[in-house]
Amino acid sequence: MDSSTAVRRWVETWARAWRAADVDAVAALYAPDAVFQAHPFRERQRPEEYVRWAFEDQAIAECRFGQPLVDGDRAAVDWWGAITARDGSIQTVAGTSLLRFGEDGLVVEQRDAWAERSGRHELPDWAT
């Protein structure tokens, strides 16, 4: 599978799965031995461990993804999300995922850099 197709599948799946808190859908995007680092200062973890933690307290999620930039087997995608927790509090996150795909279209490496802020904050020029 070419990287342009793989990253489109990644974006579409993440967009659906984030809103639905669907750990299995996200996990299916990654090779079994994928390198996954959700933030520069966090330890690497398995993708399904990260999304299980990330979706754990989520009651509602809104998200959007920018147009991917693709070069060879690599892609970069900006994203934005507003997450309402079970207690009603809202957190906004925005970041960029750097991805590398295997020949089968599965992610073999993902490194993210992102920021968060309490409350809902629109970033009209981010992930558009």
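Residues numbered from 1 in each chain as written. Predicted model: local features only at pLDDT ≥ 70, side-chain atom pairs only at ≥ 80, totals over all residues. Heavy atoms only, no water.

A count of helices and strands for the protein chain gives three helices and six strands. Starting at the N terminus and walking to the C terminus, you meet the elements of the protein chain as α-α-β-α-β-β-β-β-β. Expected size for 128 residues packed as a compact globule is a radius of gyration near 14 Å; at 14 Å, the protein chain falls within 12% of this value. Contacts spanning at least 24 positions in sequence make up 58% of the contacts within the protein chain whose residues lie at least 6 apart. Of the roughly 7200 Å² that the protein chain leaves accessible, carbon and sulfur atoms contribute 51%. (Helix = DSSP H or I, 4+ residues; strand = E, 2+ residues; numbered from the N terminus. Rg over C-alpha atoms; globule rule 2.2 N^0.38 Å. Contact = heavy atoms within 4.5 Å. Areas by Shrake-Rupley, 256 points an atom, 1.4 Å probe, with all protein chains shown as cover.)

Formed by 30 residues in total, the largest nonpolar core has its most connected members in Trp10, Trp14, Trp18, Tyr30, Phe65 and Phe101. At the level of elements, α1 (3-20), α2 (23-27), β1 (30-37), α3 (47-55), β2 (58-65), β4 (74-85), β5 (90-101) and β6 (107-118) are the ones that each hand at least two residues to this core. (Core = buried A, V, L, I, M, F, W, Y, C linked by side-chain atoms within 4.5 Å. Buried < 20%, exposed > 50% of the residue type's maximum accessible area, 1.4 Å probe, protein only.)

For the rest of this paragraph, the subject is the environment of Asp87. Within the secondary structure, Asp87 is located in the loop between β4 and β5. With a relative accessible area of 63%, Asp87 lands in the exposed category. In the structure, Asp87 is positioned 28 residues away from Ala59 in sequence and 8.4 Å away in space, judged by C-alpha atoms. A distance of 2.7 Å separates polar atoms of two side chains, one belonging to Asp87 and the other to Ser89. (Polar contact = N/O pair within 3.5 Å; in protein donor to acceptor, adjacent residues only side chain to side chain.)

The next thing to look at is the packing of aromatic side chains. Inspection of every chain in the model, using the stated rule, returns nine aromatic pairs. With centroids separated by 6.0 Å and ring planes inclined at 50°, the aromatic side chains of Trp10 and Trp14 adopt a geometry described as tilted. Taken together, the residues Trp10 and Trp14, both in helix α1 and four residues apart, mark about one turn of the helix. Each member of the pair, Trp10 as well as Trp14, is classed as buried. Among the aromatic side chains, those forming a connected cluster through ring pairs are Trp10, Trp14, Trp18, Phe55, Phe65 and Trp79. We note Arg64 situated over the ring of Trp80; from NZ or CZ to the ring centre the distance is 4.3 Å. (Phe/Tyr/Trp six-rings, centres within 6.5 Å; stacked < 30°, edge-to-face > 60°. Lys NZ or Arg CZ within 6 Å of the ring centre and 35° of its normal.)

Moving on, we come to α1. Working note: α-helix, 3.6 residues per turn, so residues spaced by three or four point in the same direction. With 18 residues, α1 ought to run about 26 Å at 1.5 Å a step, and its terminal C-alpha atoms sit 25 Å apart, in line with that. Where α1 begins, the capping side chain belongs to Asp2, and its oxygen is found 3.1 Å from the backbone nitrogen of Ser4. Just past α1, the residue Ala21 takes up positive phi, approximately 55°. (Expected span 1.5 Å × (residues − 1).)

Right, let's talk about α3 for a bit. Turning to α3, its buried residues are Pro47, Glu48, Tyr50, Val51 and Phe55. Axial view of α3: buried residues confined to an arc of 155°, hence all on one face. On its buried side, α3 packs onto α1, α2, β1, β2 and β6. (Arc of directions from axis to C-beta.)

The tally for this structure, following the rule as stated, stands at six salt bridges. Among the ionic pairs, Glu122 bridges to Arg64, the shortest N-O distance being 3.4 Å. In this pair, Glu122 sits in the segment after β6 while Arg64 sits in strand β2, placing the two residues 58 residues apart along the sequence. For Arg64, a relative accessible area of 22% gives the class partly exposed. (Salt bridge = Lys/Arg side-chain N within 4 Å of Asp/Glu carboxyl O.)

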